[in-house]
Amino acid sequence: MLYLLRKEKLFLEVHQKMKISKKILRDLKNRQEKAFNIVYHEYYKLIYYVALKITKDEILAQDIMQDTFVKFMENIENYQDDGHLRQYLTTITRNLALNLVTKKETINLDSIKEPSTNDNNNIELILTLKNTLDEDESNIVILKIIYDYNFREIAEDTNSTIGIVQAKYYKALKKLKNHFEGDNLK
């Protein structure tokens, strides 16, 4: 998985820079269909590619692509035009895909006949993280612990700063410690 995500980063760096004008973004915030169509046609292949690389499933990748644009439009008022729309959309896509893959692993828990100890531990860890932490915190911990990302890589993938990622990570660890200490007291 780490290899695929790094390969995706390389693809994004090599991929030509796509620019959407401020007028189009303003029209998009005013919910004009023509502006949405321009953004959609500019990015749908990239979004599909990112989703496909993570899920390895064409149908899921199409669903994630659609969900990415729906989520983007639901929160368009919060988007600050800083010239990083491509990264913003790929971050949404990556988060949706990772959440779906995690959910899929959880749903497929019963269908695993003889899991290795490591796989079983990862599934249990992911379930605990999803049940104990908020979405950002669980994604950061999953990337750090399971996929062996460093803070810089997580910050780039989440379009955040290293300081914010570290703060969320250590806050999440504190929550997990309290969660497990609470279980030991019972």
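Preceding this paragraph is the structure being described.
Here the structure is a predicted model, which means the values were calculated and not measured.

Colleague: How would you sum up the packing of aromatic side chains? Please name residues and give values.
Modeller: For any two aromatic rings, the description comes down to two numbers: the centre-to-centre distance and the angle of the planes. Summed over all chains, the structure comprises 8 aromatic pairs. With centroids separated by 5.9 Å and ring planes inclined at 65 degrees, the aromatic side chains of Phe72 and Tyr88 adopt a geometry described as edge-to-face. Remark: Tyr88 occurs in helix α5 (residues 85-107) and Phe72 occurs in helix α4 (residues 58-74); sequence separation between them is 16 residues. Using a relative accessible area of 24% as the deciding quantity, one classes Tyr88 as partly exposed. Where Phe151 meets Tyr170, the ring centres are 6.0 Å apart and the plane angle is 55 degrees; that geometry is what we call tilted. Taken together, the residues Phe151 in helix α8 (residues 151-157) and Tyr170 in helix α9 (residues 162-185) connect sequence positions 19 residues apart. Its relative accessible area of 13% is what places Phe151 among the buried residues. Grouping aromatic residues by their ring pairs yields a cluster made of Phe36, Tyr40, Tyr44 and Phe69.

Colleague: I'd like a description of the environment of Thr91, backed by residues and values.
Modeller: Mapped onto the secondary structure, Thr91 falls in helix α5. Linking Thr91 and Glu156, residues 65 residues apart in sequence, is a C-alpha distance of 9.2 Å. Excluding residues that lie within four positions of it along the chain, Thr91 makes contacts with Asp157, Thr158 and Asn159. One polar contact links the side chain of Thr91 to the main-chain carbonyl oxygen of Gln87, over a distance of 2.8 Å.

Colleague: Requested: an account of the pattern of salt bridges, with residues and values cited.
Modeller: In total, this model carries 6 salt bridges according to the counting rule given. For Asp27, the salt bridge identified is with Lys23, shortest N-O distance 2.8 Å. In this pair, Asp27 and Lys23 are both assigned in helix α2 (residues 22-29), 4 residues apart and thus about one turn of the helix distant. Its relative accessible area of 14% is what places Asp27 among the buried residues. Residue Lys23 is classed as partly exposed on the basis of its relative accessible area of 49%. One salt-bridge network, held together by shared partners, links Glu137, Lys171 and Lys175.

Colleague: So, the side chain of Thr93: which residues are in play, and what are the values?
Modeller: Relative to the elements of secondary structure, Thr93 occurs in helix α5. Overall, the relative accessible area of 0% leaves Thr93 in the buried class. Other than its neighbours up to four places away in sequence, Thr93 contacts Ile47, Val50, Ala51, Ile64 and Thr68.

The rules behind these values
Residues numbered from 1 in each chain as written. Predicted model: local features only at pLDDT ≥ 70, side-chain atom pairs only at ≥ 80, totals over all residues. Heavy atoms only, no water. Phe/Tyr/Trp six-rings, centres within 6.5 Å; stacked < 30°, edge-to-face > 60°. Helix = DSSP H or I, 4+ residues; strand = E, 2+ residues; numbered from the N terminus. Buried < 20%, exposed > 50% of the residue type's maximum accessible area, 1.4 Å probe, protein only. Contact = heavy atoms within 4.5 Å. Polar contact = N/O pair within 3.5 Å; in protein donor to acceptor, adjacent residues only side chain to side chain. Salt bridge = Lys/Arg side-chain N within 4 Å of Asp/Glu carboxyl O.

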